[in-house]
Amino acid sequence: MQAAAVTRAPHPRTEQIILFRVSGQTFAISSASVQEVRSVDNIAGMAQDLPDSTIRKVRHSIRRGDRTLYIVNAALHFGLQPQPAALVFFLRRTRTALLVDGIEKMATMSRLQALSLAFQGEERSWYRGLTALDQTVIPVVQPEGFLSLAELTLLEAAQLAADTRAIAAQTSGAQSQ
Amino acid sequence: MTVATAATAVETAPSFVLLRLGERRFAVAASEVAELVAPSRIFRFPHKSPAIEGVILRRGRMIPISDIADRLNAKKLATRRFFLLATRQFGAQLDWVAIPVSGECELVSTDMMESGANDSPHVAGWLSHGGEVIEVLRLSVLTPGPAELAPVRTDSPARDAAPLLADPELKEALS
């Protein structure tokens, strides 16, 4: 007697996501896009001020190896009322370190619906789409959408000015000793 | 023979859905209407499309809501009895848009008089029903998509910085 062939329903493509909060609003991000999560207190000593930054949502940068990442205030990016951020997401393959209020939970997303073309604004670059979890709609953010090329160019100029100032301060400090 | 002719006439008359937005009644081509549903929870999230209020979840599908009464009557609806789910063809993509309405909707079959040069762009035509002359709405004007508006960026912002240069602050900083 032959055993009946076992037929398995194909697994729908799923993705692990992190649900996080920014000013009372919940967003999702693919966990694969997040390289590291640190507490704000933890990075406070490592962050460098960018006084010349003309990008309101970026006031600090941080060195990670040979790269400079820009710390983006997620609340200001989305036009929300800023609240004290508790965590920083270092986003993979971007130059963004994202300030968020906190993590809600991890979840599995089985369906991502593209944003309707009725949405015409900047949100088209902010989000990969929308997902429904527990009868709630959650926007799934696009990691590359936090800083545009134009913004990165401005931030690099601000970073250069900050670095020049720091070197000048160090040099004058060494000379006075 | 007479009966057959009458039946043919009824079949060929275009159908419209009459909807109430506050004090006024409007019509939409029935071919553009998918469903009439009870109002449900509106999910809001940050975005920059002023015509869109949020989305509703309907059978696993997330549908944007557009309160067109705001533009037609210059005020938002005080009461929302239903959401009229209209179909919108955005290029190759068929999408739905939920339009809040304040009263019952009615399906009528009647001939439409085409709009004239002096009519607003949102008026597709006029129809006469129950002693009333009713505007037939052109949804492509009231709920515009990429084809009806200036081109928008759909790719990564890192590859297309041009729209950001419209920001005076950035423009000034770059110059």
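Position numbers for residues start from 1 in each chain and track the written sequence from start to end. Working convention: letters from A go to chains and numbers from 1 go to ligands, in the order in which they are written. Only residues with pLDDT of at least 70 get local features here, since the model is predicted, and only at 80 or more are side-chain atom pairs given and counted; chain-wide, interface and lining totals rely on the full set of residues. For the side-chain quantities, the full set of heavy atoms in the structure was used; hydrogens and water were omitted.

1. Description of the overall build of chain B
At step 1: Only DSSP runs of H or I covering at least 4 residues are called helices, and only runs of E covering at least 2 are called strands; the numbering of each starts at the N terminus. When you go through chain B residue by residue, the secondary structure sums to four helices and 11 strands.
At step 2: For every residue, the accessible area (1.4 Å probe, protein chains only) is compared with the maximum for its type, and the residue is labelled buried under 20%, exposed over 50%, or partly exposed between those bounds. Considering chain B as a whole, with its 175 residues, one finds that 42% of them fall into the buried category.
At step 3: The long-range fraction of contacts in chain B, counting pairs at least 24 apart against all pairs at least 6 apart in sequence, stands at 50%.
At step 4: To be clear on the numbers: accessible area is Shrake-Rupley with a 1.4 Å probe, and residue cover counts the displayed protein chains and nothing else. Surface summary for chain B: the accessible area is close to 9,500 Å², and the carbon and sulfur share equals 55%. Here a residue-residue contact requires only that any non-hydrogen atoms of the pair lie within 4.5 Å.

2. Remarks on the environment of Asp119 of chain B
All names here are of chain B.
At step 1: With respect to the secondary-structure elements, Asp119 resides in the loop between β9 (113-114) and β10 (123-129).
At step 2: Sequence separation of Asp119 and Arg25 is 94 residues, and the distance between their C-alpha atoms is 17 Å.
At step 3: A polar contact is formed between the side chain of Asp119 and the backbone nitrogen of Gly116, at a distance of 2.7 Å.
At step 4: In protein, a polar contact requires one atom able to donate a hydrogen and another able to accept it; more generally it is a pair of N or O atoms within 3.5 Å, and residues adjacent in sequence count only if both atoms are side-chain atoms. Within polar-contact distance, the side chain of Asp119 engages the side chain of Trp126 at 3.0 Å.

3. Some points on the packing of aromatic side chains
At step 1: Here the aromatic set is Phe, Tyr and Trp, taking the six-membered ring for Trp, and pairing holds for ring centres within 6.5 Å; pairs whose planes are under 30 degrees apart are stacked, those over 60 apart are edge-to-face, and all others are tilted. With the rule as written, the count across this model stands at 10 aromatic pairs over all chains.
At step 2: Pairing Phe20 of chain A with Phe89 of chain A gives two aromatic rings, centres 5.4 Å apart and planes at 75°, and the pair type is edge-to-face. Linking Phe20 of chain A in strand β1 (residues 15-22) with Phe89 of chain A in strand β7 (residues 87-91), this pair joins segments that are 69 residues apart in sequence. Each member of the pair, Phe20 of chain A as well as Phe89 of chain A, carries the same accessibility label: buried.
At step 3: When the ring of Phe119 of chain A is compared with that of Phe45 of chain B, the centres are 5.6 Å apart and the planes differ by 35°; the resulting orientation is tilted. Of this pair, Phe119 of chain A sits in the loop between β9 (102-109) and α3 (123-126) while Phe45 of chain B sits in the loop between β3 (33-37) and β4 (54-58), each in a different chain.
At step 4: Taking relative accessible area as the criterion, Phe45 of chain B reaches 6% and is therefore assigned buried.

4. Digging into the interface of chain B and chain A
At step 1: The interface of chain B with chain A comprises 34 residues on the first partner and 34 residues on the second.
At step 2: Taken as a group, Phe45, Pro46 and Met62 of chain B account for 21% of the area that chain B buries against chain A, more than any other trio of residues on that side.
At step 3: Whenever Lys or Arg places a side-chain nitrogen within 4 Å of a carboxyl oxygen from Asp or Glu, that contact is recorded as a salt bridge. In this assembly, chain B and chain A are joined by one salt bridge.
At step 4: Between Glu122 of chain A and Lys48 of chain B there is a salt bridge; the shortest N-O distance is 3.2 Å.
At step 5: Applying the counting rule to chain B against chain A returns 11 residue pairs in polar contact (both at pLDDT 80 or more).
At step 6: Looking at the side of chain B that touches chain A, the elements with two or more residues in it are β4, β5 (61-65), β7 (93-101) and α4 (168-174) of chain B. For any pair of parts, buried area is found by adding up, for both, the accessible area (1.4 Å probe) each one loses once the two are put together.

5. A look at the sheet that holds strand β8 (residues 96-100) of chain A
All names here are of chain A.
At step 1: Strand pairing is assigned whenever DSSP detects at least two bridges linking the two strands. What the six strands build is an open sheet, ordered β3-β7-β8-β6-β5-β4; its pairing is mixed. The open sheet has two free edges, formed respectively by β3 (34-39) and β4 (48-49), since each of these has just one partner strand.
At step 2: Bridging between β7 and β8 involves four bridges; their strand directions are antiparallel. By the bridge assignment for β8, Phe89 is matched with Leu98.

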